[in-house]
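Survey of secondary and tertiary structure
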Amino acid sequence: MFLVPIPYEESFTTLLDFVKVWLQTLFGSALPYMIMALLVVSAAFSLFDYAFKPEFIRKNRYLSKAFCTTPLYLISKIIGACVGVMVVMGVGPEVVTSADTGGTIIDLCGTLFCILIAFSFVLPFLTDCGIMEFLGVIARPIVRPLFHVPGRASVDLIASWFGAANAAVILTREQYMKGFYTKREAGYIMTNFSLVSVPFCLMVANTIGLDSNFPVFYLCICLVGMTLAVIIARIPPIRTIPDTYREATGKKVAEDRDESKGILAYALESSCKRASEFHGKTVASSGLEVMMGTLFDLIPIVASWGVIALMIATYTPFFDWISYPMGLYLQLFGVQDAFTVAPATLVGFTDMFIPALLIAGTEVAVKTKFIIGVLSLVQIIYLTEVGTVVIKSEVPLNFWKLFVIFLERTLIAIPLIVLFANLIY
């Protein structure tokens, strides 16, 4: 479901992505109305819970996951509901309802909705049946010294490459909540291993007219992404996050290997032990808990924060103002049209596809399009997808820390990408 690429429409995808597309086709034109209803229900029940604290919500593990919230997120849910109603019903100011802002976000929420339905009940098979333990032991000798994370993090990386970045972040969050990652490990994996899926990279390459160079384009993404992951692990703010487990769960995994056993034998033993504890009811209970928490808690946050971010990017010169230093930085490395594309280096913080939209169809040099295209896909910290999931999790990474990591990735990546681009253009 997550890792095996299958042929699909002259490209390839995963079975999980195929199910997502099938669900989108199945729901069809009803999907935006379903999203609107979800946003309204989430806001209404969260407001009711906050005002009256009813026991039927507070004492139910599924309902509390979906509707118990803080004042900030309650306001966000209300904004999300208002956005949903305005966009779907076509009422309200164009700054909210246009295809560039609210329309984009409702489409994104629809995609996320379908991913989460397919993802939630498949997740237990990935996390609780032994594959994480098996790959954790096998990959540890490489992953631990390079990235300072457990070997099991390799599953998150592969899941995002072949599936979706937000699916990998949710997977990491659930593993952290269960005590399999420390706070530092979870924060690091979320902000460095949640690379954009291969099909989306191809879509970006097509958008900016580089589809004929896609193999080289994607090779650069992989090389720069791995280099960034090695560097970011060793500098603040990731390095300053406490390397401790979630207090409510503690440590649930031991990485010390019995040296009398071979690595393959120990990997098989560890994975089989984990799989022996798996039961069918785990799929239903764990899957429903993940789905309720993400559908009614995450999607409203994406709707509210996402539309605000896109409104700023689309209708104000804010990114033009703050990107002037980036123009100087690009010029320092000899990038053509440096000040023209400078806003695209920062606007990716709001959404990963906006940089490609900004430079698509422009007269910008091909090499510059290559640089901006690769950069937009290795920045990773996108508020509309990855960022909101990370902030909403219990991992100690707030908005400002995410922005610092975004800037670090951007500043370090640009000279690496320019070097690569100079070798092929």
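Structure: above.
Please read all numbers here as calculations on a predicted model, not as lab measurements.

A few words on the overall build of the protein. When helices and strands are tallied, the protein shows 23 helices and two strands. Taking 425 residues into account, the globule formula puts the C-alpha radius of gyration at 22 Å, and the protein, at 21 Å, falls close to it. Within the protein, contacts between residues separated by at least 24 positions form 75% of all contacts whose residues are at least 6 apart in sequence. When the accessible surface of the protein is split by element, carbon and sulfur atoms take 67% of a total near 17,600 Å². Taking the 29 positively charged and 31 negatively charged side chains of the protein as two groups, their mean positions are separated by 9 Å.

Let us now look at the packing of helix H18 (residues 324-332) against helix H19 (residues 338-346). If you want to describe how two helices pack, look at the angle between their axes and the distance between the axes. Where H18 contacts H19, the axes come no closer than 8 Å and their chain directions differ by 120 degrees. H18 and H19 meet at a crossing whose hand is right-handed. Contact residues: Tyr 324, Met 326, Gly 327, Leu 328, Leu 330 and Gln 331 in H18; Ala 338, Phe 339, Val 341, Ala 342, Thr 345 and Leu 346 in H19. Taken together, the residues of the contact of H18 with H19 break down into nine nonpolar, three polar and no charged.

The next point concerns the pattern of salt bridges. The full count for this structure, using the stated rule, is 11 salt bridges. Where Lys 59 meets Glu 55, a salt bridge forms, and the shortest distance between an N and an O atom there is 3.5 Å. The two residues Lys 59 and Glu 55 agree in class, both being exposed. For Arg 274, the salt bridge goes to Glu 277, with nearest N and O atoms at 3.9 Å.

Once that is clear, we can look at the environment of Ile 380. For Ile 380, the position within the fold is in the loop between helix H21 (366-378) and helix H22 (383-392). For the pair formed by Ile 380 and Phe 406, sequence separation is 26 residues and the distance between their alpha carbons is 7.5 Å. Ignoring anything within four residues of it in the chain, the contact list for Ile 380 reads Met 190, Thr 191, Asn 192, Ser 194, Leu 195, Val 386 and Arg 409.

What follows covers the side chain of Thr 345. Position of Thr 345 among the secondary structure elements: in helix H19. Here the side chain of Thr 345 touches Ala 342 through a polar contact of 2.5 Å, landing on its backbone oxygen. For Thr 345, the contacting residues outside a window of four places in its chain are Met 326, Leu 330, Ile 372, Leu 375, Gln 379, Phe 406 and Thr 410.

To continue, consider the nonpolar core. Counting residues in hydrophobic clusters, the biggest one holds 127 residues, and the most contacted among them are Phe 113, Tyr 188, Phe 217, Ile 299, Phe 370 and Ile 417. The element contributing the most residues to this core is helix H16 (residues 280-315), with 13 residues. With residues up to four places along the chain from it excluded, the contact list for Phe 113 reads Phe 27, Leu 31, Met 34, Ile 35, Leu 38, Leu 295 and Ile 299.

Let's shift gears to the packing of aromatic side chains. As enumerated under the stated definition, the model contains 20 aromatic pairs in all. Their ring planes at 35 degrees and their centres at 6.4 Å tell us that Phe 214 and Phe 217 sit as a pair that is tilted. Of this pair, Phe 214 and Phe 217 both sit in helix H14 (residues 214-232), three residues apart, which is roughly one turn of the helix. Relative accessible area serves as the criterion here: at 14%, Phe 214 is assigned to the buried category. Its relative accessible area of 0% is what places Phe 217 among the buried residues. Here Phe 370 and Phe 420 contribute two aromatic rings whose centre-to-centre distance is 6.3 Å and whose plane-to-plane angle is 5 degrees, an arrangement assigned as stacked. Here the residue Phe 370 occupies a position in helix H21, and Phe 420 occupies one in helix H23 (residues 399-424), the gap between them amounting to 50 residues.

This brings us to helix H9 (residues 131-147). Compared with an ideal rise of 1.5 Å per residue, which puts 17 residues at 24 Å, H9 spans 20 Å between its outermost C-alpha atoms and falls more than 12% short. Within H9, the axis deviates most sharply at Arg 140, by approximately 70 degrees, and proline Pro 141 lies no more than four positions further along. All of the buried residues along H9 are Met 132, Glu 133, Gly 136, Val 137, Ala 139, Val 143 and Phe 147. Positive phi shows up at His 148, right after H9, with a value of about 60 degrees.

Time to look at helix H5 (residues 71-89). Under the 1.5 Å per step criterion, the end-to-end length of H5 is 27 Å for 19 residues, consistent within 8% with the ideal 27 Å. Residues of H5 that are buried include every one of Tyr 73, Leu 74, Ser 76, Lys 77, Gly 80, Ala 81, Val 83, Gly 84, Val 87 and Val 88, and no others. Gly 90 sits one or two positions beyond H5 and adopts a positive phi of about 70 degrees.

Turning our eyes to something else, we now look at the packing of H18 against H23. Two numbers describe how H18 lies on H23: the axes approach to 10 Å, and their chain directions differ by 25 degrees. Classed by the angle they form, the pair H18 and H23 counts as roughly parallel. The hand of the H18/H23 crossing is right-handed. Between H18 and H23, the residues in contact are Met 326, Tyr 329 and Leu 330 and Thr 410, Leu 411, Ile 414 and Pro 415, respectively. The class makeup of the residues in the contact of H18 with H23 is six nonpolar, one polar and no charged.

What follows concerns a nonpolar patch on the surface. Taken together, the side chains of Ile 75, Ile 79, Ile 308, Ile 312, Phe 318, Trp 321 and Ile 322 define a hydrophobic patch exposed on the protein surface, amounting to about 640 Å² of accessible area. Elements that contribute at least two residues to the nonpolar patch include exactly H5, H16 and helix H17 (318-322). No other element matches H17, which puts three residues into the nonpolar patch. With respect to the element layout, Ile 75 can be found in helix H5. Ile 75 sits in the exposed class, given a relative accessible area of 51%.

Before going further, it helps to examine the environment of Met 291. Here Met 291 shows up in helix H16. A relative accessible area of 16% means that Met 291 is categorised as buried. Expressed as a C-alpha distance, the spacing of Met 291 and Val 366, which sit 75 residues apart in the sequence, is 42 Å. Contacts of Met 291, omitting those with residues within four sequence positions, involve Ile 117, Ser 120 and Phe 121.

Here is what the cut-offs are and how they apply
- Along each chain, residue indices are assigned from 1 in the same order as the chain's sequence is written.
- Whole-chain, interface and lining totals are the exception, using all residues; otherwise, since this is a predicted model, local features are given only for residues with pLDDT of at least 70 and side-chain atom pairs are given and counted only at 80 or more.
- Side-chain measures were taken over the full set of non-hydrogen atoms in the model, leaving aside hydrogen atoms and water.
- In this description a helix means any DSSP run of H or I spanning at least four residues, a strand means any run of E spanning at least two, and both kinds are numbered starting from the N terminus.
- For the radius of gyration, the atoms used are the C-alpha atoms, and the globule rule reads 2.2 Å times the number of residues raised to 0.38.
- Pairs of residues are marked as contacts when any of their non-hydrogen atoms sit within 4.5 Å.
- Per-residue and other accessible areas follow the Shrake-Rupley method at a 1.4 Å probe size, with only the shown protein chains counted as cover for residues.
- His is not counted here, nor are the chain ends, while Lys and Arg score as positive and Asp and Glu score as negative.
- We put the charge of a Lys on NZ, of an Arg on CZ, of an Asp on CG and of a Glu on CD.
- Note on method: axes are straight lines fitted to C-alpha atoms, helices fitted across the in-contact stretch only, with angles between N-to-C directions ranging 0 to 180 degrees.
- For any pair of crossing helices, the crossing counts as left-handed if the nearer helix is rotated counterclockwise from the farther one by less than a right angle, and right-handed if it is rotated clockwise.
- Three classes are used, and their members are as follows: Ala, Val, Leu, Ile, Met, Phe, Trp, Tyr, Cys and Pro are nonpolar, Asp, Glu, Lys and Arg are charged, and the others, Gly among them, are polar.
- We define a salt bridge as a contact between a side-chain nitrogen of Lys or Arg and a carboxyl oxygen of Asp or Glu at a distance within 4 Å.
- With a 1.4 Å probe rolled over the protein chains alone, any residue whose accessible area is under 20% of its type maximum counts as buried; one over 50% counts as exposed, and the rest are partly exposed.
- Pairing of N or O atoms within 3.5 Å defines a polar contact, subject to two protein rules: one partner must be a possible hydrogen donor and the other a possible acceptor, and residues neighboring in sequence count only if both atoms are side-chain atoms.
- Nonpolar core, defined: a set of buried Ala, Val, Leu, Ile, Met, Phe, Trp, Tyr and Cys residues in which side-chain atoms within 4.5 Å join the residues together.
- For Phe, Tyr and Trp, rings pair up if their centres lie within 6.5 Å, where Trp contributes its six-membered ring, and each pair is then called stacked (planes under 30 degrees apart), edge-to-face (over 60) or tilted (otherwise).
- What a helix is expected to span follows from its residue count: subtract one and scale by 1.5 Å.
- One fitted axis covers the seven residues ending at a residue, a second covers the seven starting there, and the bend at that residue is the angle between these axes.
- Any angle from 65 to 115 degrees is called roughly perpendicular, while one under 35 is roughly parallel, one over 145 is roughly antiparallel, and all others are oblique.
- Candidate patch residues must exceed 30% relative accessible area and have no salt bridge, after which like charges are joined if within 9 Å and Val, Leu, Ile, Met, Phe, Trp or Tyr side chains if within 5 Å.

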